[in-house]
Amino acid sequence: MPAPRTTPGPGCGIHTSAQTRSSCDDVGVARGDEPDERQTHGGHGDRRRRQSRDGEQVVRAGSLLVSATDLVEPTFRRTVVYVVEHNEGGSLGVVLNRPNDTPVTDVLPRWSEVAAAPRTLFVGGPVKRDAALCLGTLRVGASITGVPGLRRVDGRVVLVDLDSDPHRVGQLVEGIRIFAGYAGWTFGQLEGELQNDDWIVVSALPTDPITPARSDLWAEVLRRQPLPLSLLATHPIELERN
């Protein structure tokens, strides 16, 4: 996959490079907490989630990881992670709903016109926040055959090499989103968190990676799931309201 870019860039310290990487071999660990440090909050929402486990999907590239209601660690609370890679080397994804105030034009001005609203960077996760990773959503019917700098992740979602031609990419995509950093799991780590009920695995829509920042993507993704999982969307933002 196109690696996060690694040559010093302007603005908030994002780095860039044309190097490519084919696996998650150097993936960082996104979750540093030990089991006894995790805060859990039992309740009716968690029972609904566990009752739905028989219908859960296998993690793959293109899956969404929706944080559980009792995952209150600030880095991942009420987050939706898009899985970019999942293989024997580990797992890598980006948090879709953590917008940053830094405009794309301040860091990667060539891509500002192609970026989806609000045209700011998003914080993709706690690993390598000085590196950029880009996802795009292809227009319906667009073909990437023979187009350099684009690699299909799943369906209409593609990885975009930020050293490629923004004009050519812009003709093929509905929009792109640039993430500072990513979330990473070493081999077996994500599976352990799934067994601990930290995440809910669901399918993504092609437009999820470029959803407007004003949307509550966490609740939206849960609402479109079948019962009883969709009831978790009503979980209050502030835990003390329970």
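Residues numbered from 1 in each chain as written. Predicted model: local features only at pLDDT ≥ 70, side-chain atom pairs only at ≥ 80, totals over all residues. Heavy atoms only, no water.

(A) Molecular detail of the overall build of the protein chain. Each helix and strand counted, the protein chain has five helices and 12 strands in total. With 242 residues in all, the protein chain has 52% of them scored as buried. Within the protein chain, residue pairs in contact and separated by at least 24 positions form 68% of the contacts whose partners lie at least 6 positions apart. Surface exposure of the protein chain reaches about 11,000 Å², of which carbon and sulfur atoms provide 49%. (Helix = DSSP H or I, 4+ residues; strand = E, 2+ residues; numbered from the N terminus. Buried < 20%, exposed > 50% of the residue type's maximum accessible area, 1.4 Å probe, protein only. Contact = heavy atoms within 4.5 Å. Areas by Shrake-Rupley, 256 points an atom, 1.4 Å probe, with all protein chains shown as cover.)

(B) Structural context of the confidence of the model for the protein chain. Across the protein chain, the average pLDDT comes to 82, with 74% of residues at 70 or higher. Within the model, pLDDT remains below 50 along residues 6-13, and this stretch shows 20 contacts once partners closer than five positions in the same chain are excluded. Per-residue pLDDT stays below 50 along residues 17-55; that stretch engages in 93 contacts with residues further than four places along the chain or on separate chains. (pLDDT = per-residue confidence, 0-100.)

(C) Main features of unusual backbone geometry. For the bond from Ala117 to Pro118, the omega torsion is 15°, close enough to zero to count as cis. Considering the arrangement of structural elements, one finds Pro118 in the loop between α2 (104-107) and β7 (120-123). Here Leu227 and Pro228 are connected by a cis peptide whose omega angle stands at 5°. Here Pro228 is to be found in the segment after α5 (217-223). The backbone of Arg78 sits at a positive phi, close to 55°, despite the residue not being glycine. You can see Arg78 is positioned in the loop between β3 (63-67) and β4 (80-87). The backbone of Lys128 sits at a positive phi, close to 50°, despite the residue not being glycine. Mapped onto the elements, Lys128 comes out in strand β8 (residues 127-138).

(D) Representation of the side chain of Ser63. Following the sequence through the fold, Ser63 ends up in strand β3. In this view, Ser63 contacts Val58, Val81, Tyr82, Val83, Val201 and Val202; residues no more than four positions away in its chain are not counted.

(E) Spatial organisation of the packing of aromatic side chains. All chains considered together, the criterion is met by three aromatic pairs. With a centroid separation of 5.5 Å and 80° between ring planes, the pair formed by Phe76 and Trp199 is classed as edge-to-face. Here Phe76, found in the loop between β3 and β4, pairs with Trp199, found in strand β12 (residues 199-203); they are 123 residues apart in sequence, far enough to count as distant. Considered together, Phe76 and Trp199 belong to a single accessibility category, that of buried residues. (Phe/Tyr/Trp six-rings, centres within 6.5 Å; stacked < 30°, edge-to-face > 60°.)

(F) Seen up close, the pattern of salt bridges. As enumerated under the stated definition, the model contains six salt bridges in all. The residue Arg151 makes a salt bridge to Glu85 at a minimum N-O spacing of 3.6 Å. One end of the pair, Arg151, is in strand β9 (residues 150-154); the other, Glu85, is in strand β4, and 66 residues separate them in sequence. A salt bridge links Arg156 to Glu174; the shortest N-O distance between them is 2.9 Å. Of this pair, Arg156 sits in the loop between β9 and β10 (157-160) while Glu174 sits in strand β11 (residues 173-185), and the two are 18 residues apart along the sequence. (Salt bridge = Lys/Arg side-chain N within 4 Å of Asp/Glu carboxyl O.)

(G) Local environment of the pairing of strand β5 (residues 90-95). Across the six residues of β5, six count as buried, placing the element largely inside the fold. In β5, alternate side chains face the same way, and those of Gly90, Leu92 and Val94 on one face and Ser91, Gly93 and Val95 on the other are all buried. Where β4 lies against β5, six bridges are found, and the strand directions are antiparallel. Looking at the pairing, Glu85 lines up with Leu92 of β5. The antiparallel pairing of β4 with β5 creates a hairpin that spans two residues between the two strands. Strand direction decides the pairing type here: β5 and β11, joined by three bridges, are antiparallel. When the sheet's bridge partners are listed, Gly93 is paired in β11 with Ala183. (Pairing = 2+ DSSP bridges.)

(H) Focus on the nonpolar core. Residues Tyr82, Val94, Leu96, Leu135 and Leu222 are the most contacted members of the largest nonpolar core, which totals 27 residues. Residue assignment for this core shows that the elements contributing at least two residues are β3, β4, β5, β8, β10, β11, β12 and α5. If you look at the next biggest cluster of nonpolar residues, it comprises 21 residues, including Cys134, Leu138, Leu150 and Ile176. (Core = buried A, V, L, I, M, F, W, Y, C linked by side-chain atoms within 4.5 Å.)

(I) Inspection of the environment of Glu88 at higher detail. Among the secondary structure elements, Glu88 is positioned in the loop between β4 and β5. Residues Glu88 and Gly188, 100 residues apart in the sequence, show an inter-C-alpha distance of 8.6 Å.

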